[in-house]
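So you can see what is in the structure, the chains are spelled out below.
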Amino acid sequence: MTIPNSSTPLLPRGSTFVTSSLLWKGGAILAAAGMIAGAFGSHGLKRRSGITPEGLSAWGLASHYAIFNGLALLVLSMHPRFSTHKFAGPAIAGGGLVFSGSIMALVLWGQRFKFLGPITPMGGIAMIAGYIALAL
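Below is a summary of the structure that appears in this document.

Parameters at a glance
- Residues numbered from 1 in each chain as written.
- Predicted model: local features only at pLDDT ≥ 70, side-chain atom pairs only at ≥ 80, totals over all residues.
- Heavy atoms only, no water.
- Helix = DSSP H or I, 4+ residues; strand = E, 2+ residues; numbered from the N terminus.
- Buried < 20%, exposed > 50% of the residue type's maximum accessible area, 1.4 Å probe, protein only.
- Contact = heavy atoms within 4.5 Å.
- Areas by Shrake-Rupley, 256 points an atom, 1.4 Å probe, with all protein chains shown as cover.
- Phe/Tyr/Trp six-rings, centres within 6.5 Å; stacked < 30°, edge-to-face > 60°.
- Axes fitted to C-alpha atoms, helices over the stretch in contact; angles between N-to-C directions.
- Parallel < 35°, antiparallel > 145°, perpendicular 65-115°, else oblique.
- Left-handed = near helix turned anticlockwise from the far one by under 90°.
- Core = buried A, V, L, I, M, F, W, Y, C linked by side-chain atoms within 4.5 Å.
- Expected span 1.5 Å × (residues − 1).
- Polar contact = N/O pair within 3.5 Å; in protein donor to acceptor, adjacent residues only side chain to side chain.

Let us look at the overall build of the protein chain. On a plain count of helices and strands, the protein chain comes out with four helices and zero strands. Secondary structure elements in the protein chain, listed N-terminal to C-terminal, are α-α-α-α. Burial status across the protein chain gives 37% buried among its 136 residues. Residue pairs at least 24 apart in sequence account for 76% of intrachain contacts in the protein chain once pairs closer than 6 positions are excluded. Split by element, the accessible area of the protein chain, about 7,900 Å² in all, is 72% carbon and sulfur.

The final tally for this structure, using the stated rule, is four aromatic pairs. Seen from their ring centres, Trp109 and Phe113 are 5.5 Å apart, and the 50 degrees between their planes marks the pair as tilted. Of the residues examined, Trp109 reaches a relative accessible area of 34% and is grouped as partly exposed. A connected cluster of aromatic rings, assembled from ring pairs, spans Trp109, Phe113 and Phe115.

Moving on to the packing of helix H1 (residues 20–43) against helix H2 (residues 53–77). As a packed pair, H1 and H2 sit with axes 7 Å apart at the nearest point and diverge in direction by 160 degrees. Taken together, the axes of H1 and H2 are roughly antiparallel relative to one another. Seen along the crossing, H1 lies across H2 with a hand that is left-handed.

Checked against the element boundaries, Phe40 lands in helix H1. Those residues within four positions of Phe40 in sequence are excluded, and the remaining contacts are Leu45, Trp59 and Leu108.

Ala37, Leu45, Ile51, Trp59, Ala62, Phe99, Ile103, Met104, Val107, Leu108 and Met127 form the largest nonpolar core, which has eleven residues in total. Contributions of two or more residues to this core are made by H2 and helix H3 (88–109). Per element, the largest residue contribution to this core is five residues, and it comes from H3. Ignoring anything within four residues of it in the chain, the contact list for Leu45 reads Phe40, Ile51, Leu56, Trp59, Val107 and Leu108. Counting eight residues, the second largest nonpolar core, distinct from the first, contains Leu30, Leu73, Phe82 and Ile92.

Another point: the environment of Gly41. Residue placement: Gly41 occurs in helix H1. As a C-alpha pair, Gly41 and Ala58 span 17 residues in sequence and 9.9 Å in three-dimensional space. Not counting the four nearest positions on each side in its chain, Gly41 is found in contact with Lys46, Leu56 and Trp59.

This part takes up helix H4 (residues 119–135). When the terminal C-alpha atoms of H4 are compared, their 25 Å separation across 17 residues agrees well with the 24 Å that a helix rising 1.5 Å per residue should span. What H4 keeps buried is the set Thr120, Gly123, Gly124, Met127, Gly130 and Ala133. Considering only its buried residues, H4 is in contact with H2 and H3.

Turning to the side chain of Asn69, a few remarks are in order. Mapped onto the elements of the fold, Asn69 is located in helix H2. Residue Asn69 is classed as buried on the basis of its relative accessible area, which comes to 3%. Polar side-chain contacts of Asn69 include one of 2.6 Å to the side chain of Tyr131.

Structure, rendered in structure tokens:
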């Protein structure tokens, strides 16, 4: 078995954009945003008119995904090889932001942001692609 190195496809090193510091900060912000959103969902969102039980459930899912992806980025930022992966970190961060953010926007402003419905799965696909890229 060959150990992947800097010449392995999809595992380039030395990216000028992706740094472990950027992943760390992005992960911390995404996890904190998920925690804040979860707290708002538990305490403030219930009082808002027009929020259904399905909306509260979707909000909880979005906040959990933000937290989990934020934590994953924190761990990823410490990995010696994957912390500079050109695709995985940005895909996980961007996908998590699009996925969670679009769900939250749909819960809060459903009809006004109805166009985000088809965008939500694209965020999920980006997250999944980022995790799969780590396995290649």
